[in-house]
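Residue-level listing of the chains:
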Amino acid sequence: MRKPVLAAALLVPVALLTASITRPSDEAAARPAVEDAVNAYFDGLMSSDAESLRRAFHPEARLMASRPDNGELMIIPFEQWLGYFDGGEMRDAATHANRIVSVDVRGTAAVVKTDLTWPNVHYVDYLSLLKVEGEWKIVNKIWWQERRGE
C-alpha cells in the first residue's frame, strides 16, 4: 500500500520542477528583445546618446570593474556613468566594432557577453538583464578592458 503513496510523493516535485523550467521556445522568443536592449547600449556608446543608453539600462543599474592599473574595484551608478556620454564624441563604426558574443535567457533573466574592439582599447562586457514591467533592461554591467596600441 505504501508504493502508490511514495510514487505520488515523487511525482509532485517532478511535476513542479517541470512546470518551472522555461521552455526553449520562450527563450528563443525573448532573445530578439534582449538583443534590442544590447543594441540600444551599442547605439548609445557609438553616438554618445544618453537617451539610447536610458532605453538600454535600468535607472538603478550598476557598472563594476577592476581598475586595470591596480585591481581596485570601481562601482559606478548608471546616472553617473551616463554623464560621460551625453553630447560626447561620435565614434566611427569603421574603427569601433561592437558585437554580441553570447546570449543566455532563462525566464525573465538574461546574461549577454559582448566584445567591443576599439582603436585604443578592447572591452569584454558581461551584461545582466531583467525583464522589468515588460521591457528588457540592463541592470548590471561588469567589464574587462585592455589598452591597445599605446
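Residues numbered from 1 in each chain as written. Predicted model: local features only at pLDDT ≥ 70, side-chain atom pairs only at ≥ 80, totals over all residues. Heavy atoms only, no water.

**Looking at the pattern of salt bridges**
Pairing is possible between side chains that carry opposite charge, provided their charged atoms lie close to one another.
Phase 1 of the analysis: In the structure shown here, the tally under the stated rule is eight salt bridges.
Phase 2 of the analysis: Between Glu79 and Arg54 there is a salt bridge whose closest N-O contact spans 3.5 Å. A residue pair is termed long-range when its members are at least 10 positions apart, and Glu79 in helix H4 (residues 78-82) and Arg54 in helix H3 (residues 50-56) qualify at 25 residues.
Phase 3 of the analysis: Note on Arg54: relative accessible area 35%, which makes it partly exposed.
Phase 4 of the analysis: Glu135 serves as the salt-bridge partner of Lys137, at 3.7 Å between the closest nitrogen and oxygen. (Salt bridge = Lys/Arg side-chain N within 4 Å of Asp/Glu carboxyl O. Helix = DSSP H or I, 4+ residues; strand = E, 2+ residues; numbered from the N terminus. Buried < 20%, exposed > 50% of the residue type's maximum accessible area, 1.4 Å probe, protein only.)

**Regarding the sheet that holds strand S3 (residues 97-106)**
Phase 1 of the analysis: Reading across from one edge, S2-S1-S6-S5-S4-S3 is the order of the six strands in this open sheet, with mixed pairing throughout. Two strands lie at the open edges of the sheet, namely strand S2 (73-77) and S3, each paired on one side alone. The sheet shows a mean angle of 15° between the axes of neighbouring strands, direction not considered.
Phase 2 of the analysis: Relative to S2, strand S1 (residues 57-66) is paired through five bridges, and the arrangement is antiparallel. Bridge assignment links Ser66 to a residue of S2, and that residue is Leu73. (Pairing = 2+ DSSP bridges. Axes fitted to C-alpha atoms, helices over the stretch in contact; angles between N-to-C directions.)

**Digging into the nonpolar core**
The tendency in soluble globular proteins is for nonpolar side chains to be buried side by side.
Phase 1 of the analysis: Grouped together as the largest cluster of nonpolar side chains are 34 residues, with contacts concentrated most on Tyr41, Phe57, Trp81 and Leu129.
Phase 2 of the analysis: When residues of this core are assigned to their parent elements, the largest contribution, eight residues, is made by helix H2 (residues 24-47).
Phase 3 of the analysis: Non-local contacts of Trp81, meaning those with residues more than four positions away in its chain, are made with Tyr41, Leu45, Leu53, Phe57, Leu63, Ile76 and Lys141. (Core = buried A, V, L, I, M, F, W, Y, C linked by side-chain atoms within 4.5 Å. Contact = heavy atoms within 4.5 Å.)

Any link to function would need more than the numbers given here.
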